[in-house]
Amino acid sequence: MSFQYGGQAVIEGVMMRGPSHRAIAVRRPDESIVINEKAVGSIVNKLPFLKLPFIRGVVMLFESLIMGIEALSYSAEQALGEEEETEKLSKWQIALTIALSLGLAIVLFIVIPTSLTYFTARAIHDNFIRNIIEGAIRLAVFLGYVLAVSRMKDIQRVFMYHGAEHKVINAYEAGKELTVEEVQKFSTLHPRCGTSFLLIVILIKVVIFSGVTASGLFGQIFFRILLLPVVAGVAYELLKLSGKYHDRGLWRVFVAPGLWLQKLTTREPDDKQVEVAIKALGAVLKEGDINVR
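Remember, predicted model here, so these are calculated numbers, not experimental data. (Residues numbered from 1 in each chain as written. Predicted model: local features only at pLDDT ≥ 70, side-chain atom pairs only at ≥ 80, totals over all residues. Heavy atoms only, no water.)

Sorry if this is basic, but what is going on with the overall build of the protein here?
Scanning the protein from N- to C-terminus turns up 10 helices and four strands. For 293 residues, the compact-globule estimate of 2.2 N^0.38 gives 19 Å, and the protein sits close to it at 20 Å. With 293 residues in all, the protein has 42% of them scored as buried. Relative to all contacts within the protein whose residues are 6 or more apart in sequence, the contacts with residues 24 or more apart total 69%. (Helix = DSSP H or I, 4+ residues; strand = E, 2+ residues; numbered from the N terminus. Rg over C-alpha atoms; globule rule 2.2 N^0.38 Å. Buried < 20%, exposed > 50% of the residue type's maximum accessible area, 1.4 Å probe, protein only. Contact = heavy atoms within 4.5 Å.)

See the structure below:
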């Protein structure tokens, strides 16, 4: 299986990405399922050097953000039962959304943890120990954020579709028939999940930031932001490897925390939600994959 299929949960639906297409399947208020398919390209096809390890992770992150924002916009429109398509997000609107998202992430996972560590651990001079403390604070902020948003009813449904997405990918990768009954037998957890990626990012930051010394709070925050592409690149490569070898040796131990964390961001889906996820994957498998059933 050369291509690793995957996607994300959206509002009342699932987005799946294939080698050259992506498909969004959404359950509308009238219980019908609408599917939106679109050919997708990548800048790496025009600039092959961007396929190099550690660089490709940064490219994939930004391309996934753009695709995810577009998918969320489309799914919101369909879930509300709009009869006509609303105006698509412009490039500047997408860019602004990404900038705001990255800004919020920087505040939550860099500015706050770094500031708290700076003011509470001044007596600790070992840079590695300080970064372990900062990593623990960063993880606590992340867990608090997930627990807070998970109390929202709409987010709980997104988490159910997240579980449906994982189930159908697990079934497909196991070579099983993509029926609701068969897919429901599989786990809602998957080693290549974005939740696992975020946990890997937190762990990698402890190691990489430990090798960086900067005077003053603003200097530390600046260098942490500057090193974000490095962190993302390393985390992506580790996620790819863990997804490939997750059932072997020490990789089992490596992926375990990410799988545990996914229990917070996934829920058991109902049959209708699994049906939507199957429709989304089936749409991209039409590209010629022999496992389509």
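Looking at this structure, I do not really get the confidence of the model for the protein. What am I missing?
Low pLDDT means the predicted coordinates in that region are not meant to be read closely. Of the residues in the protein, 94% have a pLDDT of 70 or more, and the chain-wide mean is 88. Per-element mean pLDDT across the protein ranges from 88 in helix H2 (residues 91-120) up to 97 in helix H5 (residues 180-183). Residue range residues 288-293 is modelled with pLDDT below 50. Its contacts to residues more than four positions away, or to other chains, number eight contacts. (pLDDT = per-residue confidence, 0-100.)

Sorry if this is basic, but what is going on with the sheet that holds strand E1 (residues 6-10) here?
Strands sit in the order E1-E2-E3-E4 across an open sheet of four strands; the sheet is antiparallel. Looking at which strands have only one partner, the edges of the open sheet turn out to be E1 and strand E4 (33-39). The mean angle between the axes of side-by-side strands here comes to 15°, regardless of whether they run parallel or antiparallel. Bridge count between strand E3 (residues 21-27) and E4: seven bridges; the pairing is antiparallel. Counterpart to Ala23 in the pairing with E4 is Glu37. Against the sheet, helix H1 (residues 56-79) makes contact with E1, strand E2 (13-17), E3 and E4, and its axis sits at roughly 30° relative to E3, the strand it touches most. Strand contacts of helix H10 (residues 271-285): E2, E3 and E4, with the helix running at about 160° to E3, the strand carrying the most contacts. (Pairing = 2+ DSSP bridges. Axes fitted to C-alpha atoms, helices over the stretch in contact; angles between N-to-C directions.)

Can you help me understand the nonpolar core in this one?
Generally speaking, a soluble globular protein has its nonpolar side chains buried in company with each other. Within the largest apolar cluster, 23 residues are counted, with the highest numbers of intra-cluster contacts made by Tyr5, Met16, Val168, Leu178, Val183 and Leu281. Every element with two or more residues in this core is listed here: E2, E3, helix H4 (153-173) and H10. When residues in this core are grouped by element, the largest group, nine residues, is from H10. Counting residues in hydrophobic clusters, the runner-up holds 11 residues, among them Phe197, Val201, Ile204 and Ala235. (Core = buried A, V, L, I, M, F, W, Y, C linked by side-chain atoms within 4.5 Å.)

Which parts of the structure should I look at to understand unusual backbone geometry?
Excluding glycine, a negative phi dihedral is what most residues carry, and trans is how most peptide bonds are arranged. Positioned with a positive phi, Glu31 is a non-glycine residue whose angle comes to about 80°. By secondary structure assignment, the location of Glu31 is in the loop between E3 and E4. Backbone geometry places Phe54, a non-glycine residue, at a positive phi of 80°. Here Phe54 is to be found in the loop between E4 and H1. Classification of Phe54 by relative accessible area gives partly exposed; the value is 48%.

Looking at this structure, I do not really get the UniProt feature "transmembrane region" (unreviewed entry) in the protein. What am I missing?
Under the feature "transmembrane region" (unreviewed entry), the UniProt entry names residues 94-116, 128-148, 195-215 and 221-239. Taken end to end, residues 94-116 comprises 100% helix and 0% strand; its first and last C-alpha atoms sit 32 Å apart. As annotated, residues 195-215 comprises 76% helix and 0% strand, and the C-alpha atoms at either end are separated by 32 Å. (UniProt positions renumbered as here; feature names shortened; annotations may be inferred.)

Would you mind showing me how to read the environment of Ile278 here?
Residue position: Ile278 is located in helix H10. For Ile278 and Val40, which are 238 residues apart along the polypeptide, the C-alpha to C-alpha distance reads 20 Å. Sequence-distant contacts of Ile278, defined by excluding residues within four places in its chain, comprise Val168, Leu178, Thr179, Val180 and Val183.

It is not clear to me how the pattern of salt bridges should be interpreted in this structure. Could you clarify?
Where charged atoms from two side chains of opposite charge come close, those side chains can pair. Throughout the structure, instances matching the rule amount to 10 salt bridges. Between Lys38 and Glu70 there is a salt bridge whose closest N-O contact spans 3.7 Å. Of this pair, Lys38 sits in strand E4 while Glu70 is found in helix H1, placing the two residues 32 residues apart along the sequence. Taking the relative accessible area as the measure of exposure, Lys38 reaches 37% and is therefore partly exposed. Among the ionic pairs, Lys185 bridges to Glu182, the shortest N-O distance being 3.4 Å. Where salt bridges share partners, they join Glu134, Arg138 and Arg224 into one cluster. (Salt bridge = Lys/Arg side-chain N within 4 Å of Asp/Glu carboxyl O.)

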